[in-house]
Amino acid sequence: MDFRLYDTLTKEKRSFAPIDADNVRLYVCGPTVYDFAHIGNARPVIVFDVLFRMLRYIYGPDQVTYVRNITDVDDKINDRAIRDFPGLPLNDAIRAVTEKTAEQFHADVAALGCLPPTFEPRATDFVLPRADGKTDMVTLIKQLIARGHAYEAGGEVLFDTESMPDYGLLSGRKLEDQQAGARVAVDAHKKHPTDFVLWKQSSAEEPGWESPWGRGRPGWHIECSAMSAAYLGETFDIHGGGLDLIFPHHENEIAQSRCAHGTEAMANYWMHNGFLQVEGEKMSKSTGNFVTIRELLNDWPGEVVRLNMLKTQYRSPMDWTLKGLEESARTLDDWYWVAADNKGGHPSSKVIDALSDDLNTPQMIAALHGLRNGAAAGDEKDRGKFAASLRMLGFLSETAAEWAGRKQQASGVDAAQIDGLIADRTAARARKDFAESDRLRDELAALGVTIKDSKDGTTWEIAR
């Protein structure tokens, strides 16, 4: 089988050849867990779940290691921790916030039909040297300093980009093209304006760890260099994430990892999913089109959301629309009717061929429609291949009867209470107090209430 993937680093579609076919290794940048994940966060989760499933199909489920990290060091997390847990020490408050939000994320992506990764490390667990000897951030920084790739200045430890001759290969950005005069003036302690932070000092009001460079916390990029090496080694097969991570995050990951370990590559293939818009516009809280996964799941089965996401090839930009969701729901109604009660045999070669061409999910869906037509016409072989293909892709988690029997359930909530909370939230949004608006939204969600904002006002219903 020729499994081809587009490699962002080489800018070409390449046949995939793992370093070790008995241990295929995949790393994907995971969420920053400060609130409910939005629909843009769902795209890489679903895309790389399909890749994970495909690798498991080709090499075997026990031969693939999938690592997706959790970032729990972030200014937004700090702010929410101070807001929600004012009586706790900050590091403890941060843990309390992220335990809850990580649990929300896990529930959401499970509902989308995504398999759990093999390992899901938290950034805060990999800051300091570990008893098990797995790679940590402080040790990586020490290695970079010792190899002449990092230096201390202005209370920070910085990566020296000029120490790496081919820095910028992933994004195509050359150092000589990044001379920003204003930035040099602001960051006068840097040797070069593109030098980036590996370790920074923490104030008493910020989370911090004791290190050789004083109490502080790691820069963002060093997290993934440490966690990927901890579970996958110094060089592994595939690194994935959103298009927005190419620069600076992934570029800087490559620099740190290669220079710390003295390797030619961090990962042999780099994959990036495209951007997502909502109804033709960039998603933003200020425009009122910010959609969380949880809000979608209140209105739609997770498999509908999953199918709708896969109708666009992962590298292409995507427009998330209500019309698309409605079409996906009708398609799944039909697919369940045709295939759900067939236990199936092996996935169709046409489906596998489509996925083998850089996860060509539109072509995959076309192949599924062809199988569906054959099955509906009475071809039992097609029905078996159709059902097996859908299950391999994360669909048909219910019986046909269960799918058809979905109904909204009564809740017994106090309508006056809900209306009052809605009014308070509307007022908070009007004065642009988004923190209070988010708090009220969470309170409504906890009551099982789905809110829908439009130009005509806010309506609500009990979640299905």
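Refer to the structure above for everything that follows.
Residues numbered from 1 in each chain as written. Predicted model: local features only at pLDDT ≥ 70, side-chain atom pairs only at ≥ 80, totals over all residues. Heavy atoms only, no water.

Some words on the overall build of the protein
Within the protein, the secondary structure is distributed over 16 helices and 15 strands. A compact globule built from 464 residues would reach a C-alpha radius of gyration of about 23 Å, and the protein, at 24 Å, matches this within 12%. By the burial criterion, 52% of the 464 residues in the protein qualify as buried. A separation threshold of at least 6 residues defines the contact pool for the protein, and within that pool the share at least 24 residues apart is 73%. For the protein, the accessible area works out to roughly 20500 Å², and carbon and sulfur atoms hold 50% of it. Charge centroids of the protein, computed over 54 positive and 70 negative side chains, lie 3 Å from each other. (Helix = DSSP H or I, 4+ residues; strand = E, 2+ residues; numbered from the N terminus. Rg over C-alpha atoms; globule rule 2.2 N^0.38 Å. Buried < 20%, exposed > 50% of the residue type's maximum accessible area, 1.4 Å probe, protein only. Contact = heavy atoms within 4.5 Å. Areas by Shrake-Rupley, 256 points an atom, 1.4 Å probe, with all protein chains shown as cover. Lys, Arg positive; Asp, Glu negative; His and termini not counted. Charge placed at Lys NZ, Arg CZ, Asp CG, Glu CD.)

Quick look at the environment of Ser348
With respect to the element layout, Ser348 can be found in the loop between helix 10 (322-339) and helix 11 (349-356). Looking at Ser348, the relative accessible area reads 4%, which means it is buried. Separated by 82 residues in sequence, Ser348 and Ala430 place their C-alpha atoms 53 Å apart. Ignoring sequence-local partners within four residues, the contact set of Ser348 consists of Leu371, Lys385 and Ser389. One polar contact links the side chain of Ser348 to the main-chain amide nitrogen of Lys350, over a distance of 3.1 Å. (Polar contact = N/O pair within 3.5 Å; in protein donor to acceptor, adjacent residues only side chain to side chain.)

Side note on the nonpolar core
Ranked by size, the top nonpolar core spans 70 residues in total, and within it Ile39, Leu51, Leu55, Ile238, Trp320, Met364 and Leu368 carry the most contacts. The residues contacting Ile39, other than those within four sequence positions of it, are Leu276, Val278, Met283, Val291, Thr292, Ile293, Leu296, Val305, Met309 and Trp320. (Core = buried A, V, L, I, M, F, W, Y, C linked by side-chain atoms within 4.5 Å.)

What to know about the packing of helix 6 (residues 220-232) against helix 7 (residues 246-261)
The contact between helix 6 and helix 7 brings their axes to 8 Å, and the two run at 55 degrees. As judged from the angle between their axes, helix 6 and helix 7 are oblique. Classified by chirality, the crossing of helix 7 by helix 6 is right-handed. Judged by residue contacts, Trp220, His221, Ile222, Cys224, Ser225 and Ala229 of helix 6 engage Pro248, His249, Asn252, Glu253, Gln256, Ser257 and His261 from helix 7. For the contact of helix 6 with helix 7, the class distribution of residues is five nonpolar, seven polar and one charged. (Axes fitted to C-alpha atoms, helices over the stretch in contact; angles between N-to-C directions. Parallel < 35°, antiparallel > 145°, perpendicular 65-115°, else oblique. Left-handed = near helix turned anticlockwise from the far one by under 90°. Nonpolar A, V, L, I, M, F, W, Y, C, P; charged D, E, K, R; others polar.)

What about helix 13 (residues 380-392)?
Its 13 residues give helix 13 an end-to-end C-alpha distance of 18 Å, which sits within 8% of 18 Å, the value for a rise of 1.5 Å per residue. Restricting attention to buried positions, one finds in helix 13 the residues Asp382, Arg383, Gly384, Phe386, Ala387, Ala388, Ser389, Leu390 and Met392. Considering only its buried residues, helix 13 is in contact with helix 1 (39-59), helix 10, helix 11 and helix 12 (361-376). In this structure Asp379 caps helix 13, since a side-chain oxygen of it lies 3.0 Å from the backbone nitrogen of Lys381. Positive backbone phi, approximately 95 degrees, marks Gly394, located one or two places after helix 13. (Expected span 1.5 Å × (residues − 1).)

Details of the pattern of salt bridges
Scanning the entire structure with this criterion turns up 31 salt bridges. One salt bridge in this structure joins Lys191 and Asp160, with 3.9 Å as the shortest N-O distance. Of this pair, Lys191 sits in the loop between helix 5 (181-186) and strand 7 (196-201) while Asp160 is found in the loop between strand 6 (156-159) and helix 5, placing the two residues 31 residues apart along the sequence. For Lys311, the salt bridge goes to Glu327, with nearest N and O atoms at 3.8 Å. With Lys311 in the loop between helix 9 (302-310) and strand 13 (318-320) and Glu327 in helix 10, the pair connects residues that are 16 residues apart, well separated along the chain. The class of Glu327 is partly exposed, set by a relative accessible area of 32%. Beyond isolated ion pairs, a larger network of salt bridges with shared partners links Asp35, Arg80, Arg83, Asp84, Asp438, Arg441 and Asp442. (Salt bridge = Lys/Arg side-chain N within 4 Å of Asp/Glu carboxyl O.)

So, the packing of aromatic side chains
Where two aromatic rings form a pair, the distance of their centres and the angle of their planes describe that pair. All told, the structure shown has eleven aromatic pairs when counted by the stated rule. Ring geometry for Phe3 against Phe16: centres 6.2 Å apart, planes inclined by 75 degrees, an arrangement best described as edge-to-face. Taken together, the residues Phe3 in the segment before strand 1 (4-7) and Phe16 in the loop between strand 2 (12-15) and strand 3 (24-28) connect sequence positions 13 residues apart. Judged by its relative accessible area of 8%, Phe16 falls in the buried class. An aromatic cluster is present here, built from Phe3, Phe16, Tyr59 and Tyr269 joined pairwise through their rings. Stacked on the ring of Phe52, the Lys or Arg Arg56 has its end atom at 5.3 Å from the ring centre. When the ring centre of Tyr6 is taken as reference, the NZ or CZ atom of Arg315 above it lies at 4.1 Å. (Phe/Tyr/Trp six-rings, centres within 6.5 Å; stacked < 30°, edge-to-face > 60°. Lys NZ or Arg CZ within 6 Å of the ring centre and 35° of its normal.)

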